[in-house]
Amino acid sequence: METISWHDAVEFCRRLTDRERARGAIPPGWEYRLPTEAQWEYACRAGTETAYSFGGDPAELHRHGNYNEISGN
């Protein structure tokens, strides 16, 4: 999904929660929401315990993502 603001995503989660509660599809106290930064990182790391998701060697960064030193900035 592109060009959606954080506020729009939060509002979507609120409306979805309201709708699903009204249907009885989710228990009281449960809600749909965006993950926290820590939850997002935990999910992305897939259980790894190294400094990076691909291991601990920063010399391998260029093989696994874009970062300032190679992006031209």
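What you see is a predicted model; the values in this text were computed from it and never measured.

**Q** Tell me about the packing of aromatic side chains, and name the residues and values.
**A** Counted according to the given criterion, the structure contains one aromatic pair. Judged by centre distance (5.3 Å) and plane angle (5 degrees), the ring pair of Tyr52 and Phe54 falls under stacked. Residue classification places Tyr52 among the partly exposed residues on the basis of a relative accessible area of 27%.

**Q** If you had to explain the confidence of the model for the chain to someone new, which residues and values would you point to?
**A** With 88% of its residues at a pLDDT of 70 or more, the chain shows a mean pLDDT of 86. The least confident element of the chain, judged by mean pLDDT, is helix H4 (residues 68–71) at 61; the most confident is helix H1 (residues 6–23) at 96.

**Q** An account of the pattern of salt bridges is requested, with residue identities and associated values reported.
**A** The final tally for this structure, using the stated rule, is six salt bridges. Its salt-bridge partner being Glu11, residue Arg14 comes within 2.5 Å of it at the nearest N-O pair. Of this pair, Arg14 and Glu11 both sit in helix H1, separated by three residues, roughly a single helical turn. Residue Arg19 pairs with Glu20 through a salt bridge whose shortest N-O separation is 3.1 Å. Given a relative accessible area of 7%, Glu20 falls into the buried group. Linked through salt bridges whose partners overlap, the residues forming this network are Glu11, Arg14, Arg15 and Asp18.

Quick notes on the rules
- Each chain has its residues counted from 1, running along the sequence as written.
- Under the rules for a predicted model, residues below a pLDDT of 70 receive no local features and side-chain atom pairs below 80 are neither given nor counted, while totals for whole chains, interfaces and linings still include all residues.
- Values shown for side chains rest on all heavy atoms present in the structure; no hydrogens or waters enter the calculation.
- Aromatic pairs are defined between Phe, Tyr and Trp rings, using the six-membered ring for Trp, whenever the two ring centres lie within 6.5 Å; interplanar angles under 30 degrees are classed as stacked, those over 60 as edge-to-face, and all others as tilted.
- Here's how the labels work: a residue is buried when its accessible area is under 20% of the maximum for its type, exposed when over 50%, partly exposed in between, all with a 1.4 Å probe on protein chains only.
- The predictor attaches a confidence to each residue, and that confidence, scored 0 to 100, is pLDDT.
- Strands are runs of DSSP state E lasting at least 2 residues, helices are runs of H or I lasting at least 4, and numbering of each runs from the N terminus.
- By definition here, a salt bridge exists when the distance from a side-chain nitrogen of Lys or Arg to a carboxyl oxygen of Asp or Glu is within 4 Å.

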